[in-house]
Amino acid sequence: MDIASPNTEEVTTARWFVMRAYKSEKRAEEKLKGKDGLEYFIPKCYAVRVYHGVKSKRLVPVIPNLVFVHASRTQITDFKKRYNFLQFVMWEKSTGLEYLVVPDDQMESFIKVSSQYGENISYYNPDELDLRKGCRVRIHGGKLNGVTGVFMQVQGKRNRRVVVLLEGVMAVAAEVHPDLIEVIS
């Protein structure tokens, strides 16, 4: 396993790292929220679960173990020294293995869409959608003001939706009124 060596800027600049917290999202949330706090996001949705024989609707992670952490590589390495349950998600590039990182603007749009828990939000694997069939848009107004993504028809859904893709990780789609959309090139 050859991990590409970072430059100084990569080590000190805060970025959104894609991480796994194996069987411990709750623990990750507690530690990231605590005194050592780092900015983080865990995509969640409402689901019916049975606890102690009682059905209830609860907010649960969309993908078990997935955590996005916004920090510099130095901050995250220091955090991992104290709490080793977080693991970097890696992907192979031509230059070797690299940490999977999401650009700030994509993550901002993703968080805005994913945080609409009561709305009709859908999650997809990146390979489930062909984004070439849609057009790039920016939303002006409403709950999703400022979100950029791809406006397209999603299979199984009646209306067109705006899709925000985190390359190699996941995509989220939300219904949006066409009057709020500006097509961008």
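Residues numbered from 1 in each chain as written. Predicted model: local features only at pLDDT ≥ 70, side-chain atom pairs only at ≥ 80, totals over all residues. Heavy atoms only, no water.

Section: the pattern of salt bridges
- Applying the stated criterion across every chain, the model contains 4 salt bridges.
- One salt bridge connects Lys 44 with Glu 29, and the closest N-O pair in it is separated by 3.1 Å. Here Lys 44 is found in strand S3 (residues 44-51), whereas its partner Glu 29 is found in helix H2 (residues 25-33), with 15 residues between them in sequence.
- We classify Lys 44 as buried; its relative accessible area is 15%.
- Among the ionic pairs, Arg 161 bridges to Glu 175, the shortest N-O distance being 3.9 Å. Of the two residues, Arg 161 is situated in strand S13 (residues 161-166) and Glu 175 in strand S14 (residues 170-175); the sequence distance between them amounts to 14 residues.
- By relative accessible area, Arg 161 is classed as buried at 2%.
- Relative accessible area serves as the criterion here: at 41%, Glu 175 is assigned to the partly exposed category. (Salt bridge = Lys/Arg side-chain N within 4 Å of Asp/Glu carboxyl O. Helix = DSSP H or I, 4+ residues; strand = E, 2+ residues; numbered from the N terminus. Buried < 20%, exposed > 50% of the residue type's maximum accessible area, 1.4 Å probe, protein only.)

With respect to unusual backbone geometry
- Phi is positive for His 52, close to 55°, though the residue is something other than glycine.
- By secondary structure assignment, the location of His 52 is in the loop between S3 and strand S4 (54-61).
- Taking the relative accessible area as the measure of exposure, His 52 reaches 82% and is therefore exposed.
- Notably, Asn 65 is not glycine yet its phi reads approximately 75°, a positive angle.
- With respect to the element layout, Asn 65 can be found in the loop between S4 and strand S5 (66-71).

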